[in-house]
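A structural walkthrough
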Amino acid sequence: MFESRKLTRWDNKFLLEAIFWSRSSPDQQTQCGCVLVKDKTMLSSGYNGFIRDVDDDALPKSRPEKYPYMIHAEANAIYNCTRLGRSTLGASAYVTAIPCLYCLQALYQCGIREIIFTDVSDPKCVIGNEDYHKILKMVSETVNIFYIPSNQIDDKDFIESAVMLSSKRVDK
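Residues numbered from 1 in each chain as written. Predicted model: local features only at pLDDT ≥ 70, side-chain atom pairs only at ≥ 80, totals over all residues. Heavy atoms only, no water.

Right, let's get into the environment of Thr 41. In this fold, Thr 41 is placed in strand β3 (residues 41-47). Along the backbone, Thr 41 and Ile 51 are ten residues apart, and their C-alpha atoms lie at a distance of 25 Å. Contact partners of Thr 41, with chain neighbours within four places excluded, come to Phe 14 and Leu 36. (Helix = DSSP H or I, 4+ residues; strand = E, 2+ residues; numbered from the N terminus. Contact = heavy atoms within 4.5 Å.)

Here it is, written out as structure tokens:
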């Protein structure tokens, strides 16, 4: 259903960034992250969460009560780009899970031309149905969608970078 491709150094870095942001999600069951990238520069990030400036403890964080309140990672990344005045035209999306039908359409609609996803997060979305395949077929000539298994992601660079940063900090 989806193309696979060899993990590049940049894919690795941006998938790690999406994983990092997924850990900020208050969702108790599905922590998903997304980063939007253009010309090897991150435009914005998002994770599944509530609207900005809302107390995370004030809303439900588990199924099915969370559904009316939780905004998907891809949507939050798009909204953050808009809020920052950055164009998504021609950008790539790195996501910790396969986008749901709504997010696939939203990414396409805002000009994303490449979606790279992995299987770090485990959302409960339906991707095998007729509607998903119909939209997937319609957007496939414009949007390239690639799957990179999580076991191919190398976190060594990420850990080394974190160690280097922490060693450079000076406590005051």
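Back to the text.
Taken together, the buried positions of helix α3 (residues 101-109) are Cys 103, Leu 104 and Leu 107. With its buried residues spanning 105° around the axis, α3 presents them on a single face. In the core, the buried residues of α3 are packed alongside β2 (33-38), α2 (73-83), β4 (92-95), β5 (114-117), α4 (130-139) and β6 (144-147). A positive backbone phi angle near 95° is found at Gly 111, which sits one or two residues after α3. (Buried < 20%, exposed > 50% of the residue type's maximum accessible area, 1.4 Å probe, protein only. Arc of directions from axis to C-beta.)

Ranked by internal contacts, the top residues of the largest apolar core, which has 25 residues, are Leu 36, Leu 104, Ile 112 and Ile 115. Looking at this core, the elements with two or more residues in it are β2, α2, β4, α3, β5 and α4. Those residues within four positions of Ile 112 in sequence are excluded, and the remaining contacts are Leu 36, Thr 88, Ala 91, Ser 92, Ala 93, Leu 107 and Val 143. Core analysis: the second largest hydrophobic core is formed by 13 residues, Leu 15, Leu 16, Ala 18 and Ile 116 among them. (Core = buried A, V, L, I, M, F, W, Y, C linked by side-chain atoms within 4.5 Å.)

Quick look at the packing of aromatic side chains now. The full count for this structure, using the stated rule, is six aromatic pairs. Between the aromatic rings of Trp 21 and Tyr 47, the centroid separation amounts to 6.4 Å while the plane-to-plane angle is 5°, which identifies the pairing as stacked. One end of the pair, Trp 21, is in helix α1 (residues 9-22); the other, Tyr 47, is in strand β3, with 26 residues separating them in the sequence. Judged by relative accessible area, Trp 21 falls into the partly exposed class, the value being 25%. (Phe/Tyr/Trp six-rings, centres within 6.5 Å; stacked < 30°, edge-to-face > 60°.)

Of the strand pairs in this sheet, strand β1 (residues 3-4) and β6 are connected by two bridges, and their pairing is parallel. Following the sheet pairing, Ser 4 is matched in β6 by Tyr 147. Pairing between β5 and β6: four bridges, direction parallel. Of the residues in β6, the one forming a bridge with Glu 114 is Asn 144. Of the crossover connections in this fold, the one passing from β5 over α4 to the parallel β6 is right-handed. (Pairing = 2+ DSSP bridges. Right-handed = clockwise from strand over helix to strand, strands pointing away.)

Comment: phi is negative for the bulk of residues other than glycine, and the bulk of peptide bonds are trans. In this model, Arg 63 is joined to Pro 64 through a cis peptide bond whose omega is -10°. Note on placement: Pro 64 falls in the loop between β3 and α2. The phi dihedral of Lys 40 is positive, around 60°, even though this residue is not glycine. Assignment of secondary structure puts Lys 40 in the loop between β2 and β3.

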